[in-house]
Amino acid sequence: MHQFKVDLHIHSVFSPCGDLEMSPSNIVKLARQNGLDVIAVTDHNTTRQCAKVIEIAEKQGGLLVLPGAEACSSEEVHCLCIFPDLEILDSFQTFLDRHLPVIPNRDDLFGYQVLVDENDLISETEERYLGVALDVSIDELEQKVHELGGLFIPAHVDRPRNSLFSQLGFLPNGLTIDALQISKYADEQAVREQFFVPGEITLVRFSDAHYPDDLGSTYTWFEMDKPSFSEIKKALTRQDGRLTRLDSL
Ligand SMILES: [Zn+2]
Ligand SMILES: [Zn+2]
């Protein structure tokens, strides 16, 4: 078994709140510089910047990029939805397109939402504001992600807004989660005690990077055979000797 540095919560410039410096090529460069082995691109309610980041990373080698999104349920809970490949991702994008309310973006108010190519040039602009809640409940979202074979990880659960615990107050019985993500400075034991998180649920710490300086600052160690989606899934659910580990703060 080997150790891999993993960060599955990174925003690109396509997120309204993502810095213009978070271009696909810069994300790959910064991830490699910081020794990350696996990252996921998780823009708000869209997966459309993932393909370019994957393409650039594959050309250079040495970094696995998983496609995904940080979807916002109708209860305003942010959830990481991460998929094995781009083909499956297309089905999830269709789902997002169907459930994103049409509110025009105002880049002066909310920020730019631009797709950027390998040369850091803008190739497309998203006209719909991506920072709103989808018109689907967290249960429907979770079911869709799992139906497509993805990972469902409620994001920054210790935060006072847009988190599972801030919005719902508790972990609903029927909700199937693959892990819970805690923030940069959150202590694992303190979160478990505060929110009654049972020991069998894995807590991971990811960066939620919106700016270049955030990238590489926060990660989780995955002990697994090789960097792949299926090994990541096994480590999160502690199967076949795979597991995850957090550095102490
Ligand atoms: Zn969030
Ligand atoms: Zn985020």
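Further up the page is the structure itself.
So, here's what we can say about the structure. Please read these numbers as outputs of a predicted model, since none were measured by experiment.

### Some words on the coordination of the zinc ion (ligand 1)
And step 1. Within the protein, the atoms that donate to the zinc ion (ligand 1) are Glu 70 (OE), His 78 (ND1) and His 156 (NE2), at distances of 2.1 to 2.2 Å.
And step 2. The distance between the zinc ion (ligand 1) and the zinc ion (ligand 2) is 3.5 Å, with Glu 70 acting as a donor to both metals. Within this pair, whereas Glu 70 is found in strand S3 (residues 64–72), its partner His 156 is found in the loop between strand S7 (151–154) and helix H5 (164–168), the two being separated by 86 residues in sequence.
And step 3. Judged by relative accessible area, Glu 70 falls into the buried class, the value being 1%.
And step 4. With a relative accessible area of 2%, His 156 lands in the buried category.

### With respect to the coordination of the zinc ion (ligand 2)
And step 1. Protein ligation of the zinc ion (ligand 2) involves His 9 (NE2), His 11 (NE2), Glu 70 (OE) and Asp 208 (OD), the donor distances falling in the range 2.0 to 2.2 Å.
And step 2. Around the zinc ion (ligand 2) sit four donor atoms; with metal-centred angles ranging over 82 to 177°, the donor geometry is irregular.
And step 3. Within one chain, the residues serving as donors to the zinc ion (ligand 2) are arranged as H-x1-H-x58-E-x137-D.

### A short note on the environment of Val 145
And step 1. Residue position: Val 145 is located in helix H4 (residues 138–147).
And step 2. For Val 145, a relative accessible area of 0% puts it in the buried group.
And step 3. Spatially, the C-alpha atoms of Val 145 and Ile 82 are 8.0 Å apart, while their sequence positions differ by 63 residues.
And step 4. Leave out the neighbours within four places in its chain, and Val 145 touches Cys 81, Phe 83, Phe 92, Gly 150, Leu 151 and Phe 152.

### As for the packing of aromatic side chains
And step 1. According to the stated counting rule, one finds five aromatic pairs in the structure shown.
And step 2. Relative to Phe 195, the ring of Phe 165 lies with its centre 4.4 Å away and its plane at 5°, an arrangement referred to as stacked. Separated by 30 residues along the polypeptide, Phe 165 in helix H5 and Phe 195 in helix H6 (residues 188–195) bring together distant segments of the chain. Residue Phe 165 shares its accessibility class with Phe 195, and that shared class is buried.
And step 3. Ring geometry for Tyr 219 versus Trp 221: centroids 5.6 Å apart, planes at 75°, classification edge-to-face. Both residues of the pair, Tyr 219 and Trp 221, count as buried.

### Side note on the pairing of strand S6 (residues 122–125)
And step 1. Pairing of strand S5 (residues 114–116) with S6 involves three bridges; the strand directions are antiparallel. Of the residues in S6, the one forming a bridge with Val 114 is Thr 125.
And step 2. Between the end of S5 and the start of S6, which pair antiparallel, lie five residues, with Asp 120 showing a positive phi angle near 65°.

### Quick look at the sheet that holds strand S2 (residues 38–44)
And step 1. A sheet is described by the order of its strands in space; here seven strands give the open sequence S7-S4-S3-S2-S1-S10-S11, paired in mixed fashion. Two strands bound the open sheet, and with one partner strand each, they are S7 and strand S11 (243–245). Between one strand axis and the next, the sheet turns through 30° on average, direction left out of account.
And step 2. Note that strand S1 (residues 2–10) and S2 share three bridges and pair parallel. If you follow Asp 7 over to S2, its bridge partner there is Ile 39.
And step 3. Of the strands in this sheet, S2 and S3 touch helix H2 (residues 50–60), which is tilted by about 165° from S3.

### Thoughts on unusual backbone geometry
And step 1. For Glu 76, which is not glycine, the phi torsion reads 65° and is therefore positive.
And step 2. Its relative accessible area of 38% is what places Glu 76 among the partly exposed residues.
And step 3. A positive phi angle is found at Phe 196, which is not glycine, with a value near 55°.
And step 4. Mapped onto the elements of the fold, Phe 196 is located in the loop between H6 and strand S9 (203–205).
And step 5. Relative accessible area serves as the criterion here: at 73%, Phe 196 is assigned to the exposed category.

### Looking at the environment of Leu 148
And step 1. By the element assignment, Leu 148 lies in the loop between H4 and S7.
And step 2. In this structure Leu 148 comes out as buried when scored by relative accessible area, which is 16%.
And step 3. For the pair Leu 148 and Asp 90, spaced 58 residues apart in the sequence, the C-alpha separation amounts to 10 Å.
And step 4. With residues near it in sequence (within four places) discarded, Leu 148 still touches Phe 83, Ile 88, Ser 91 and Phe 92.

### Brief notes about the pattern of salt bridges
Where side chains of opposite charge bring their charged atoms close, a pairing between them can arise.
And step 1. A complete count under the given rule lists 14 salt bridges for this structure.
And step 2. Between Arg 106 and Asp 108 there is a salt bridge whose closest N-O contact spans 2.8 Å.
And step 3. For Asp 108, a relative accessible area of 56% corresponds to the exposed category.
And step 4. A salt bridge links Lys 144 to Glu 147; its shortest N-O distance comes to 3.3 Å. One end of the pair is Lys 144 and the other is Glu 147, both in helix H4 and three residues apart, which spans about a single turn.
And step 5. According to the relative accessible area criterion, Glu 147 is exposed, its value standing at 58%.
And step 6. One connected set of salt bridges, linked through shared partners, spans Arg 48, Asp 97, Glu 124, Glu 126 and Arg 128.

Definitions and cut-offs
Residues numbered from 1 in each chain as written. Chains lettered and ligands numbered in written order. Predicted model: local features only at pLDDT ≥ 70, side-chain atom pairs only at ≥ 80, totals over all residues. Heavy atoms only, no water. Donors = N, O, S within 2.8 Å, 3.2 Å for Na, K, Ca; no water. Helix = DSSP H or I, 4+ residues; strand = E, 2+ residues; numbered from the N terminus. Buried < 20%, exposed > 50% of the residue type's maximum accessible area, 1.4 Å probe, protein only. Tetrahedral: all angles 85-135°; square planar, octahedral: opposite > 155°, others 65-115°. Contact = heavy atoms within 4.5 Å. Phe/Tyr/Trp six-rings, centres within 6.5 Å; stacked < 30°, edge-to-face > 60°. Pairing = 2+ DSSP bridges. Axes fitted to C-alpha atoms, helices over the stretch in contact; angles between N-to-C directions. Salt bridge = Lys/Arg side-chain N within 4 Å of Asp/Glu carboxyl O.

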